[in-house]
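Residue-level structure breakdown
So the chains spell out like this:
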Amino acid sequence: MLQELQDVINGISAEVGVPTSLTDTRLNSLVFGPHDDTEIDSVRRQALLLRSTPEWVREWFGRYGIDTATAPVRIPADPERGLASRVVIPARWASTTCGYICLLDDSHELDESRLGTVVEAAGEVGRVLYCDQQARHSDADLLGDLVRGSAAARGKAAARLEEQGRFPVGWPVAVLFLRPMGGASGTDALEHWLWRDHGALPRGVLRCLDAEGAVILVAVPPSPEPGHTERIAQHLRADGDDVPDLTIGIGDAQSDLNDAHLSYAHAQLAARAATVWPETGPVCSWDRLGAMRILIGTPEHLLRDLMDPRVTLLKQAQPANSSLIDTLETYLDSGCDIQATAARLHVHRGTVYYRLEKAASLGGMNLSDGLDRLALHLSIKLLRSIESRTA
């Protein structure tokens, strides 16, 4: 699809002789025509680098009616903010605006006669974008039914995907759940980025937005190399310059497409674990969470009841002793290695010994007892979960 659109935009650039680009309805860039760097303004330059458009540009264009336009619209320049004048032509199909063809024209050379071929091409561009959007919506609906629907809806979605041959026969599937660090407030920025052609995603991948992030369903080779899905996740994080920082949870691979909802549930919890306990992320695989799986799945109303009262005592001793819980947690995370704890906290070993002794005294705990250490370690992780839910 993108190559087809690229050819059209290249043809328009050659026809009208000005820098030309195609955006979606949010003015985020899809493809660019050829140009010399001196011919473009700073806004176009930023769009090239980040593939996104600042909010003020959307507001500026909106003042001139592009949201409801059915014909070319002249956008005046804003020199103070590095915006040259443009002609924006809606790419429409089925009475729907699907994107915009933007032509830089600071010298106002483009008149109605020169824009005729562009307006004609905009119809074809609109058709391609419309068909692509319909396919995306269909895919998103199928994935939504597959991971969030009733048993009947899941069965129908799985049967439809098998008919389409979306995944290699006999290959398991796994869900990756992408959660913005800022929570649900960051999901709007995901939509444009989510549908990019990410090079690491295998054939047949399905994508959709969720209330707290985004869902990606991928096929997994029957005998994958270790870390197969983790590498996909790391590639996605590296390709996310124009979205908030992401934590990514990876669910267990399921041999039956009907069971993709299990991988989805685990991926969601793993993504949340990576947020609650940064040491498990930013890419967190459900099968590597160990005992943390019990903690992250614990209902909120039970968390405080399950927490060891000795950790509650330490919590109540803050802020005067604010470093004690952090030191105790790092010590337990480090396998009770004093030297490693000191290095991670950037303090002297003596400081670690002092803080641990003070924590043991305040909480009435025995750090030489394995069961005490286990109870304390799990309870501190519970505390972090409680803190994350009340933040």
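The structure reproduced in this document is the subject of the present report. (Residues numbered from 1 in each chain as written. Predicted model: local features only at pLDDT ≥ 70, side-chain atom pairs only at ≥ 80, totals over all residues. Heavy atoms only, no water.)

As for the overall build of the chain
Threshold: Counting from the N terminus, the helices are DSSP H or I runs at least four residues long and the strands are E runs at least two residues long. In this treatment the radius of gyration is a C-alpha quantity, and the globule benchmark scales as 2.2 Å times the residue count to the 0.38 power. In this scheme, a residue with accessible area under 20% of its type's maximum is buried, one over 50% is exposed, and one in between is partly exposed, where area comes from a 1.4 Å probe on protein chains only. Whether two residues are in contact is decided by their heavy atoms, any of which lying within 4.5 Å being enough. For every accessible area listed, the method is Shrake-Rupley and the probe measures 1.4 Å; residues are considered covered only by the protein chains on display. Charge counting treats Lys and Arg as positive and Asp and Glu as negative, with His and both chain ends excluded. By convention, the charge on Lys lies at NZ, on Arg at CZ, on Asp at CG and on Glu at CD.
Helix and strand content of the chain: 15 helices and ten strands. For 391 residues, the compact-globule estimate of 2.2 N^0.38 gives 21 Å, and the chain exceeds it by more than 25% at 27 Å. Scored against the burial criterion, the 391 residues of the chain give a buried share of 49%. For the chain, long-range pairs separated by at least 24 residues make up 62% of all intrachain contacts whose partners lie at least 6 apart in sequence. In the structure as shown, the chain presents an accessible area of about 18,600 Å², 50% of it carried by carbon and sulfur atoms. With 38 positive and 53 negative side-chain charges, the chain shows a spacing of 6 Å between the two charge centroids.

Points about the packing of helix α1 (residues 2-16) against helix α4 (residues 112-148)
Selection rule: Here, axes are lines fitted to C-alpha atoms. For helices the fit covers the stretch in contact, and angles between N-to-C directions go from 0 to 180 degrees. Here roughly perpendicular refers to angles of 65 to 115 degrees, roughly parallel to angles under 35, roughly antiparallel to angles over 145, and oblique to all remaining angles.
Remark: α1 packs on α4, axes separated minimally by 10 Å, with the N-to-C direction vectors making an angle of 175°. In this view, α1 runs roughly antiparallel relative to α4, as classed from their interaxial angle. Between α1 and α4, the contacting residues are E4, L5, V8, I12, E15 and V16 on the first element and R114, T117, V118, A121, E124, V125, R127, V128 and L129 on the second.

Comments concerning the sheet that holds strand β6 (residues 173-180)
Here is the rule: Strand pairing is defined by DSSP finding a minimum of two bridges between the two strands.
What the five strands build is an open sheet, ordered β7-β8-β6-β9-β10; its pairing is mixed. This sheet does not close on itself; its edge strands, each paired only once, are β7 (206-210) and β10 (283-285). Between one strand axis and the next, the sheet turns by 20° as a mean value, whatever way the strands run. Lying on the sheet, helix α7 (residues 228-238) is in contact with β6, β8 (213-219), β9 (246-250) and β10; it crosses β9 at an angle near 160°.

What about the packing of aromatic side chains?
We describe a pair of aromatic rings using the distance from one ring centre to the other and the angle between the two ring planes. Note the threshold: Any two of the Phe, Tyr and Trp rings considered here, Trp counted by its six-membered ring, make a pair once their centres fall within 6.5 Å; the pair's planes then place it as stacked at under 30 degrees, edge-to-face at over 60, or tilted in between.
Taken as a whole and assessed by the stated rule, the structure comprises two aromatic pairs. Ring geometry for F177 and Y264: centres 6.3 Å apart, planes at 65°, overall edge-to-face. In this pair, F177 is assigned in strand β6 and Y264 in helix α8 (residues 260-276), connecting sequence segments 87 residues apart. For Y264, a relative accessible area of 8% puts it in the buried group.

Some points on helix α13 (residues 338-345)
Because the α-helix completes a turn every 3.6 residues, residues three or four places apart line up on one side. Applied cut-off: Read the arc as the range of directions from the helix axis to the C-beta atoms. Polar contacts here mean pairs of N or O atoms no more than 3.5 Å apart (in protein, one a potential hydrogen donor and the other a potential acceptor; neighbouring residues in sequence count only if both atoms are side-chain atoms).
I338, T341 and A342 are the residues of α13 that are buried. Relative to the axis of α13, the buried residues are bounded by an arc of 100° and lie together on one face. Residues of α13 that are buried sit in contact with α12 (322-333) and α14 (349-363). At the N-terminal end of α13, a side-chain oxygen is found 3.0 Å from the backbone nitrogen of Q339, two or three residues along, and the residue is D337. The positive-phi residue at the C-terminal boundary of α13 is H346, with phi of around 60°.

Focus: the packing of helix α11 (residues 309-316) against α14
Stated precisely, the cut-off is as follows: Left-handed describes a crossing in which the near helix is turned anticlockwise from the far one by less than a right angle; the clockwise case is right-handed. Gly is put with the polar residues, along with every residue not named as nonpolar or charged; the nonpolar set is Ala, Val, Leu, Ile, Met, Phe, Trp, Tyr, Cys and Pro, and the charged set is Asp, Glu, Lys and Arg.
Where α11 contacts α14, the axes come no closer than 9 Å and their chain directions differ by 110°. Here α11 lies roughly perpendicular to α14, going by the angle between them. Our pair here, α11 against α14, has a crossing hand that is right-handed. Together, R310, L313 and L314 of α11 and A359, L362 and G363 of α14 make up the contact between the two elements. Tallied by class, residues from the contact of α11 with α14 come to four nonpolar, one polar and one charged.

So, the pattern of salt bridges
Note the cut-off: Any carboxyl oxygen of Asp or Glu that lies within 4 Å of a side-chain nitrogen of Lys or Arg is treated as forming a salt bridge with it.
In this structure the tally under the stated criterion is 22 salt bridges. The shortest N-O distance in the salt bridge between E4 and R127 comes to 3.7 Å. Here E4 is found in helix α1, whereas its partner R127 is found in helix α4, with 123 residues between them in sequence. Taking relative accessible area as the criterion, E4 reaches 38% and is therefore assigned partly exposed. Residue R127 is classed as partly exposed on the basis of its relative accessible area of 28%. Several salt bridges converge on common partners, so that one network encompasses E279, K315, D326, E329, D333, K381, R384 and E387.

Focus: the state of the cysteines
As a reminder, the rule being used: We call a pair of cysteine sulfur atoms a disulfide whenever their separation is within 2.5 Å.
A complete count under the given rule lists zero disulfides for this structure. In this structure C98 is a free cysteine whose sulfur lies 8.8 Å from that of C131, the closest cysteine sulfur available.

Some remarks on the environment of L356
Considering the arrangement of structural elements, one finds L356 in helix α14. Each C-alpha atom of the pair L356 and L324 lies 7.1 Å from the other, and the pair is 32 residues apart in sequence. With residues up to four places along the chain from it excluded, the contact list for L356 reads T327, L328, Y331, I338 and L367.

Considering α12
Of the residues making up α12, those classed as buried are L324, I325, T327, L328, E329, T330, Y331 and L332. Two residues or fewer past α12, G335 is found with a positive phi of approximately 70°.

Side note on empty space enclosed by the protein
Convention followed: Whether a set of points on the 1 Å grid over the protein atoms alone is a cavity depends on a 1.4 Å probe fitting there but being unable to get out, while an open set qualifies as a pocket with protein on both sides within 12 Å along at least five of seven lines; lining residues are those with an atom within 4 Å of a point. Grid points are joined across faces, edges and corners, and a volume is the space filled by probe spheres set on the points.
What the rule picks out here adds up to one cavity of 30 Å³ or more. Its boundaries defined by the atoms lining it, the largest cavity holds a volume of some 130 Å³. Along its surface, the largest cavity is lined by 14 residues, and T23, L27, R44, T53 and R86 are the ones closest to its centre. Those elements that place two or more of their residues in the lining of the largest cavity are β1 (20-23), β2 (29-32), α2 (42-50) and α3 (55-62). Ranked by residue count, the leading element in the lining of the largest cavity is α2, at three residues. Broken down by class, the residue content of the lining of the largest cavity amounts to eight nonpolar, four polar and two charged.

Interpretation note: all reported values are geometric properties and have no functional meaning in isolation.
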